[in-house]
Amino acid sequence: MLIKVINPNTTSSMTATIGDCARAVVGPGTVVDAVSPSMGPVSIESHVDEALSVPGILAEIARGEAAGVDGYVIACFGDPGIDAARELASGPVIGIAEAAMHAASFLGRGFSVVTTLARTIGRAQDLADHYGFGRQCLGIHACDLPVLDLETDPDARKIVTEACRIAVETDGSDAVVLGCAGMADLCRHISSEIGVPVVDGVAAGTLFVQS
Ligand code: 5HY
């Protein structure tokens, strides 16, 4: 099986991390192709960024269809272009927000989302409502780190971990959803630090496509 994981931002170091996290969960015989579009924003932190990322995503879906890809993960928490991508693709297209919220709903009565900047909270809330998780999504918290700082700030891991801890305490939630694909590699560490299941949508989405 061939799964194409599309990082809609054009930061290739983040795409490499996302690819590693997807490959870590697939079974033998499944190949993960992790890509970022050749055009689009370096990070996606607004509705404008999301809109600008869509043409590049659709180009990657079209390329994937020609290459015989079985299914796709859109690895950005705003799930940009998901409906258009599904029109182009013959197999499943899964957004990481949708995947993570589904996975978190299996872990308890309610989950918190920890995102990057406060400006992305509205989109995450809209998606929770749209996907039918409005009641289980108990809170959405920003850790105030811009997306690209996840890779460069030496305190990033600590900052996201503490935001997750506070989210669980504040919301009384049973799980945390990481609200950015750039946090994928922090998932295991945060879960062991705070003692609550933490869901990374890259892993969840990849596993949903594989099944
Ligand atoms: C993401 N932006 O997953 C979103 C997350 C965010 O470039 N990859 C991005 O902060 O909205």
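J.: An account of a nonpolar patch on the surface is needed here, citing residue identities and associated values.
T.: A cluster of nonpolar side chains, contributed by F106, L107 and F208, occupies part of the molecular surface with about 310 Å² of accessible area. Positionally, F208 belongs in helix α9 (residues 201–210). For F208, a relative accessible area of 32% translates into the label partly exposed.

J.: Hey, could you go over the site of the ligand for me, with residue numbers and the actual values?
T.: Residues in close proximity to the ligand include N9, S43, I44, C76, F77, T116, T120, V147, G179, C180 and A181, which together make up its full environment. A distance of 3.0 Å is found between an oxygen atom of the ligand and a backbone nitrogen or oxygen belonging to F77. Within the contact set of the ligand, an oxygen atom lies 2.8 Å away from a backbone nitrogen or oxygen of A181. Within the complex, the protein chains bury 96% of what would otherwise be the 300 Å² of accessible surface of the ligand. Looking at side-chain class alone, the shell around the ligand contains 6 nonpolar, 5 polar and no charged residues.

J.: Now, about the nonpolar core: what can you tell me, with residues and values included?
T.: Grouped together as the largest cluster of nonpolar side chains are 57 residues, with contacts concentrated most on M101, F111, V160 and V202. Examining the composition of this core, we find that 7 residues originate from one element, helix α4 (residues 96–105), more than from any other. V202 has contacts with I18, C21, A22, A75, I96, A181 and A184, leaving out every residue within four places of it along the chain. Within the second largest apolar cluster, 11 residues are counted, among which are I57, I61, I82 and V93.

J.: Lay out the side chain of S53 in plain terms, naming residues and giving numbers.
T.: Turning to its location among the elements, S53 is positioned in helix α2 (residues 47–66). Since its relative accessible area comes to 0%, S53 is described here as buried. In this structure, S53 is in contact with P8, P41, I44 and P80, ignoring residues within four places of it in sequence.

J.: Give me the lowdown on unusual backbone geometry, citing residues and values where you can.
T.: One non-glycine residue, D79, adopts positive backbone phi at about 45°. Mapped onto the elements of the fold, D79 is located in the loop between β3 (71–74) and α3 (82–88). If you check the backbone angles, D144 has positive phi at about 65° while not being a glycine. With respect to the helices, strands and loops of the structure, D144 is situated in the loop between β6 (137–142) and α6 (149–152). By relative accessible area, which is 56% here, D144 ends up exposed.

J.: Which residues make up the environment of H130, and what values do they have?
T.: Assignment of secondary structure puts H130 in helix α5 (residues 121–130). Since its relative accessible area comes to 59%, H130 is described here as exposed. H130 sits 32 residues away from E98 along the chain, and the two C-alpha atoms are 9.4 Å apart.

Cut-offs used in this document
- Residues numbered from 1 in each chain as written.
- Predicted model: local features only at pLDDT ≥ 70, side-chain atom pairs only at ≥ 80, totals over all residues.
- Heavy atoms only, no water.
- Patch = residues over 30% accessible without salt bridge, like charges linked within 9 Å, V, L, I, M, F, W, Y side chains within 5 Å.
- Areas by Shrake-Rupley, 256 points an atom, 1.4 Å probe, with all protein chains shown as cover.
- Salt bridge = Lys/Arg side-chain N within 4 Å of Asp/Glu carboxyl O.
- Helix = DSSP H or I, 4+ residues; strand = E, 2+ residues; numbered from the N terminus.
- Buried < 20%, exposed > 50% of the residue type's maximum accessible area, 1.4 Å probe, protein only.
- Near = heavy atom within 4 Å.
- Polar contact = N/O pair within 3.5 Å; in protein donor to acceptor, adjacent residues only side chain to side chain.
- Nonpolar A, V, L, I, M, F, W, Y, C, P; charged D, E, K, R; others polar.
- Core = buried A, V, L, I, M, F, W, Y, C linked by side-chain atoms within 4.5 Å.
- Contact = heavy atoms within 4.5 Å.

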